[in-house]
Amino acid sequence: MEIALYQPEIAGNVGTILRTAACLGAPAHIVEPCGFPFSDAALKRAGMDYAERANVQRHADWSMFEQWRRDEGARLVLMTTRGATMLTDFAFTPRDVLLLGSESAGVPEAVHSAAEARVVIPMRPGFRSLNVAVAAGIALAEALRQTKGFEA
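Residues numbered from 1 in each chain as written. Predicted model: local features only at pLDDT ≥ 70, side-chain atom pairs only at ≥ 80, totals over all residues. Heavy atoms only, no water.

Caption draft 1: Region of interest: the layout of surface pockets. Considered as a void within the structure, the largest pocket measures approximately 590 Å³ in volume. Lining the largest pocket we find 24 residues, and of these Met79, Thr80, Thr81, Gly106 and Ser129 sit closest to its centre. Counting only elements with at least two residues in the lining of the largest pocket, the list comes to β4 (75-79), β7 (117-120) and α5 (132-146). Split into classes, the residues belonging to the lining of the largest pocket amount to 12 nonpolar, 9 polar and 3 charged. (1 Å grid on protein atoms, 1.4 Å probe; cavity = no way out; pocket = protein on both sides within 12 Å on 5 of 7 lines; lining within 4 Å. Points joined across faces, edges and corners; volume = space filled by probe spheres on them. Helix = DSSP H or I, 4+ residues; strand = E, 2+ residues; numbered from the N terminus. Nonpolar A, V, L, I, M, F, W, Y, C, P; charged D, E, K, R; others polar.)

Caption draft 2: Expanded view of the UniProt feature "binding site: S-adenosyl-L-methionine" (unreviewed entry) in the protein chain. Taking the UniProt record as the reference, the feature "binding site: S-adenosyl-L-methionine" (unreviewed entry) is found at Met79, Gly101, Ile121 and Ser129. In terms of the greatest pairwise C-alpha distance, the residues named above, spread along 51 residues, form a tight cluster of at most 14.0 Å across. Of the annotated set, the members that line the largest cavity are Gly101. Turning to its location among the elements, Gly101 is positioned in the loop between β6 (96-100) and α4 (109-114). Looking at Gly101, the relative accessible area reads 15%, which means it is buried. Beyond its immediate chain neighbours, meaning those up to four positions away, Gly101 contacts Tyr6, Gly106, Val107 and Val132. Looking at where Ser129 falls in the secondary structure, it is placed in the loop between β7 and α5. (UniProt positions renumbered as here; feature names shortened; annotations may be inferred. Buried < 20%, exposed > 50% of the residue type's maximum accessible area, 1.4 Å probe, protein only. Contact = heavy atoms within 4.5 Å.)

As structure tokens, then:
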């Protein structure tokens, strides 16, 4: 199970997601460009004190990420408010990559279309969306629970 962030804009969210990924043993991917200078120093300022323990791969752009994903044979699962399947109804596999979009814009239509699955986290009516770091934690935990991917 891996997690990917599409052009993230807020260092604090990235730091939180990378910390979650490190704690849960999930590799993470950053699809650039980011909305902030991506560096170890920026992540430390954002509270990411596990930077050296996170397994992070950076991709210069969407096409480089897609090439990596295809080479790995991984299924792309987009977490989106426009999802067709509820998180609780979706069947994850260990080879999935959970993709979350940027804080302000999500992902463009071409990226949305490239996903093999579009999954939504159920929320009460009248609420627009969750914080991306919270959504990442919820989705990653459910995916790892289903696939028995939590480390002992």
